[in-house]
Amino acid sequence: MFYREAGDFKVSYQDDSQTFPIKFDRYRYYAVLAVAFLVIPFVINDYWANAILLPFLIYSIAAIGLNILVGYCGQVSLGTGGFMAVGAYAVYKLMTAFPEVSMFIHVLLAGGITALVCVAFGLPSLRIKGFYLAVATLAAQFFLVWLFNRVPWFYNYSASGQINAPERDVFGIVITGPNAASWATYFFCLIFLTLCAIVARNLTRGTTGRTWMAIRDMDIAAEIIGVNPLKAKLTAFAVSGFFIGISGALFFAVYLGAVEVGEAFGINKSFLVLFMVIIGGLGSIFGSFAGAAFLVLLPVVLKVIGVDMMGWPTDIVAHFQLVIVGALIVFFLIVEPHGLAQLWRVAKEKLRLWPFPH
Amino acid sequence: MKLKLTTLALGALMAAGPAMADLVFPSLSYRTGPYAAGGIPFADGYADYFTLVNERDGGIGGVKARVIECETGYNTEKGVECYESTKGEGALVYQPLSTGITYQLIPKTAADGIPLHTMGYGRTSAANGKVFGNVFNYPANYWDGASGIITYLLDSNGGDIKGKKIALLYHNSAYGKEPIRTLEELSKKHGFELSTLPVDHPGQEQKSQWLQIRRDRPDYVVMWGWGVMNQVAIQEAANVRFPMENFIGVWWSGAEHDVLSAGAKADGYKAVTFHNVGRDFPVFDDIQTYVVDKGLAAGAGDQIGNVLYNRGMYAAMLAVEAAKTAQEIHGVADITPAMMRDGMEALEMPEARMSALGMPYFGPSFNVSCENHGGPGLVGMTQWDADTKTWSLISDFQKTDTSVIQPLIEADSASYAEENKIGGRCN
């Protein structure tokens, strides 16, 4: 009944290869976009923006970035936290050095700087693979955090080593700092997420994405059929770094406003984003969203249920959170190793056959 | 969706008017994570004192106090969530007990008009009330702590520490880096040699730092640690046989749980403080009668009289007294955050007032003013006795070197004012 191609005729190749070839699916996608752009900004308040939606949007960008590297190109990375820190410090230096330039440009530039750093740390991937590459990126994580802690130039010689986002705007609308309206910060992050997702989707289904997947599935075979591993791997690192840099910049400038590198961009952040990608589904853009939503929302939902509704002590709820989130991760990985994206795919398939499953 | 409706309804309620039935004091606590050992006693003390005020006095000026606890785990992201979820309830003052969260809340609370009290932590230059209108860090700040340690060393060395080697072992974060600038200035002034040894979060790995201490043989080690870092450092100091009486921590490195694990070897370890320690205060009898015996104690109730429990209780006491002051100034019992801010700015805490509250000589006497949100910065020294398992105050609350601290505060707050385009107040 739902998700059925019957009667949905395509007359051009372009129609046939679009992202959502099924009409029902396409309209659902337009509906989601419409709600996100036209409804939520009008009903949003500080709590929803700062506690739920901003982290969801920003972590989604990071998860898409990491998914390109890990899910599409098969290069395991544990350096996400460090690369997000590069984005954050890049945008901080740019914001303080060029206060009159629009935040939009600063965030894009921060993404570009992170892409360069990411490529530099991606160079060893040409010689080492798998776990060994994971260790090399882990080194990037520790090195970058150490660097931002050690060199005072990065935090403009402030006494505490913290970086604070000053007030900056886009077309006169305040985006960073405490006086930014919640709808503005939400809109700013949403635009970046939408752009990133569209770019990622189109990259992954084109030539670039196919070479990445060829490298992921069997790099020697890919090389034999003419894929240049240098180009494929480094473009994956660059694109991934660009997205992660954007997410790091937004994370610092728009969401938190003040950041301490060791606390905000430590190894835990790398694992968190990696878990998002694994739980959401490797090699799936939708999976990045699903994984980010799962890991951002679940603790908040558990807290609201436990503390606000049931009135339990906060420490018990915090401990339960760890247990429940951990158990759910194990459960999902056993029941569906391909992540939430696969569950979604299966559900769609079921709906398609309904009410006559064979 | 239901949650959304309730939050929306709450927002509407807030907009409708301050018809609140009680005075809300959010407690951004951390009872989990690597810093829980320090977070639990503080949160217990904070909550218990408000329970005491409600049970014994029937609230503050007749209005009940309500503590909303929110678990941050010392994590800044959760801190933001906690702040956003509690500020709509009419929160009067925030005390996050985390320098990282403080840095985030300074601009946010300024925009929302809610006072922030960071007692002995946070941004030191917030003591300058001309720039930081709604941030308070009385009765003492980090730079007072650093200067207090040096003053103590000067006193115990007959006024001359020229050529002495002092090592600073610090948590590699905004918190740990705070005293460096002050200590550098003081080393120029008094001619001691300063070396800095950073320890990364969470602080379990300190072998190389202590190896360096063993090699350099500094005369004194000063520690800016928190959480598990303290226990490890004291254990390591015992392992390299560093004389404990020459090992001095800031007030966040001087509680029972920090020294107990090292056993008898921790005997003689010192820490500066800005409030008294121990259980010999009449207020604890009241807490026993009105809170513990009634089964209303927060947490497990096993922390009463611990250093950090006392500190949490002291923080709550100062908040209650500021609320009372605000009620007097404005003549209403149901105060708003803006009135609370006025109360904090006009707070006077003479010895007589503390004695009347059953806390004689619990902290230094001080007054807050519009210009000075940091109090006089009097600090005392405590020492650990491993046999009796008690901390005791071994020196009076003494003056710190304001001639060094004040210019630093002026300079740092001026740069904040310039960054954020804040004009001066109190003119």
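Residues numbered from 1 in each chain as written. Chains lettered and ligands numbered in written order. Predicted model: local features only at pLDDT ≥ 70, side-chain atom pairs only at ≥ 80, totals over all residues.

### Details of the overall build of chain A
The condition that has to hold: Strands are runs of DSSP state E lasting at least 2 residues, helices are runs of H or I lasting at least 4, and numbering of each runs from the N terminus. To get the radius of gyration, use the C-alpha atoms; to get the globule rule, take the number of residues to the power 0.38 and multiply by 2.2 Å. Around each residue's C-beta, the other C-beta atoms within 10 Å are counted; 20 or more make the residue buried, 12 or fewer make it exposed, and counts in between make it partly exposed. All C-beta atoms are placed from the backbone. A pair of residues counts as a contact when their C-beta atoms, built from backbone coordinates, are within 7 Å of each other.
Looking only at helices and strands, one finds 15 helices and four strands in chain A. Against the globule reference of 21 Å for 358 residues, chain A gives a C-alpha radius of gyration of 21 Å, in line with a compact fold. Considering only C-alpha atoms, chain A reaches an extent of 70 × 55 × 45 Å along its principal axes. Across the 358 residues that make up chain A, the buried fraction comes to 48%. For chain A, the proportion of contacts with a sequence separation of at least 24, taken over those separated by at least 6, is 76%.

### Here's the deal with the interface of chain B and chain A
Inclusion rule: Gly is put with the polar residues, along with every residue not named as nonpolar or charged; the nonpolar set is Ala, Val, Leu, Ile, Met, Phe, Trp, Tyr, Cys and Pro, and the charged set is Asp, Glu, Lys and Arg.
Of the residues lining the interface, 37 residues belong to chain B; the matching set on chain A comes to 32 residues. Going through the elements one at a time, α1 (2-16), β2 (65-71), α3 (76-87), α4 (99-112), α6 (174-190) and α14 (402-420) of chain B are the ones with two or more residues in the side of chain B that touches chain A. Element by element, the count of residues in the side of chain B that touches chain A is highest for α4(B), at seven residues. When the residues that make up the side of chain B that touches chain A are grouped by side-chain class, the tally is nine nonpolar, 14 polar and 14 charged.

### Overview of the domain arrangement of chain B
Residue and element names in this part refer to chain B. Short version of the rule: Domain borders in the structure are assigned automatically or taken from a domain database.
According to the domain assignment, chain B contains domain 1 (22-141 + 278-378) and domain 2 (142-274 + 380-406). Using C-alpha coordinates to define each centre, domain 1 is positioned 26 Å away from domain 2. Opposite the 21 residues of domain 1 that make contact, domain 2 presents 28 residues. Among the elements of the structure, α2 (36-57), α4 and α11 (307-330) are those that each provide at least two residues to the side of domain 1 that touches domain 2. Residues of the side of domain 1 that touches domain 2, tallied by class, amount to 11 nonpolar, 10 polar and no charged.

### Considering the environment of Glu71(B)
Along the chain, Glu71(B) turns up in strand β2. Considered as a pair, Glu71(B) and Tyr30(B) are 41 residues apart in the sequence and their alpha carbons are 5.2 Å apart. Residues contacting Glu71(B), with those up to four places away along its chain left out, are Thr314(A), Asp315(A), Val317(A), Ala318(A), Ser29(B), Tyr30(B), Arg31(B) and Thr32(B).

### What about the nonpolar core?
Put simply, the rule is: For the purposes of this analysis, a nonpolar core is taken to be any set of buried Ala, Val, Leu, Ile, Met, Phe, Trp, Tyr and Cys residues that are connected through C-beta atoms within 7 Å.
By size, the foremost hydrophobic cluster in this structure holds 240 residues, and its most contacted members are Ala88(A), Val91(A), Leu250(A) and Phe252(A). The element contributing the most residues to this core is helix α3 (residues 46-72) of chain A, with 19 residues. Residue-level mapping places this core at the junction of two domains, with at least three residues from each of domain 1 (22-141 + 278-378) and domain 2 (142-274 + 380-406) of chain B. Every residue in contact with Val91(A), bar those within four places of it in the chain, is listed here: His106(A), Val107(A), Ala110(A), Ala249(A), Phe252(A) and Ala253(A).

### Some details on unusual backbone geometry
Residues and elements named next belong to chain B. With omega at 0°, the peptide bond leading from Tyr 138 into Pro 139 counts as cis. Here Pro 139 lies in the loop between β4 (135-136) and α5 (142-156). Residue Pro 202 follows His 201 across a cis peptide bond; omega there is -5°. Its identity is not glycine, yet Tyr 74 carries a phi of approximately 65°, on the positive side. Position of Tyr 74 relative to the elements: it lies in the loop between β2 and α3. Judged by the 28 C-beta atoms lying within 10 Å of it, Tyr 74 falls in the buried class.

### Some points on the pairing of strand β7 (residues 220-224) of chain B
Residue and element names in this part refer to chain B. Stated precisely, the cut-off is as follows: When DSSP finds at least two bridges between two strands, those strands are taken to pair. Crossovers are described as right-handed under a simple rule: with the strands pointing away from the observer, the path leading from the first strand over the helix to the second runs clockwise.
Most of β7 sits inside the fold, with five of its five residues counted as buried. By the alternation rule, side chains of β7 split into Tyr 220, Val 222 and Trp 224 and Val 221 and Met 223, which are all buried. Note that strand β5 (residues 165-171) and β7 share five bridges and pair parallel. Across the sheet, residue Tyr 170 finds its bridge partner in β7, namely Trp 224. Pairing geometry for β7 and strand β8 (residues 247-249), over three bridges, is parallel. Residue Val 222 lies in a different strand from β8, and its bridge partner there is Ile 248. Handedness of the β7-helix α8 (residues 228-239)-β8 crossover: right-handed.

### Examining helix α13 (residues 285-309) of chain A
Residues spaced three or four apart along an α-helix point in a common direction, a consequence of the helix completing one turn every 3.6 residues. All names here are of chain A. Applied cut-off: Here the expected length of a helix is defined as 1.5 Å per residue gap, with one fewer gap than residues. The bend at a residue is defined as the angle formed between two axes, one fitted to the seven residues ending at that residue and one fitted to the seven starting there.
Between its first and last C-alpha atoms α13 spans 34 Å; for 25 residues at 1.5 Å apiece the expected length is 36 Å, and the two agree. The sharpest bend along α13 comes to roughly 30°, located at Leu 297, with the proline Pro 299 sitting one to four residues further on. Gly 311 occupies a position one or two residues after α13 and carries a positive phi of about 75°.

### Regarding the packing of helix α4 (residues 80-97) of chain A against helix α5 (residues 103-122) of chain A
Residue and element names in this part refer to chain A. Inclusion rule: As a rule, the C-alpha atoms of each element are fitted with a line to give its axis, helices using only the stretch in contact, and angles between N-to-C directions run from 0 to 180 degrees. Just so you know how the angles are binned, under 35 degrees is roughly parallel, over 145 roughly antiparallel, 65 to 115 roughly perpendicular, and the rest oblique. Whether a crossing is left-handed or right-handed is set by the direction in which the near helix is turned from the far one by less than a right angle, anticlockwise for left-handed and clockwise for right-handed.
Two numbers describe how α4 lies on α5: the axes approach to 8 Å, and their chain directions differ by 135°. Relative to α5, the element α4 is oriented oblique. Along this stretch, α4 crosses α5, giving a crossing that reads as right-handed. Across the interface between the two elements, Phe 83, Val 86, Gly 87, Ala 90, Val 91, Leu 94 and Met 95 of α4 pack against His 106, Val 107, Leu 109, Ala 110, Gly 111, Ile 113, Thr 114, Val 117 and Cys 118 of α5.

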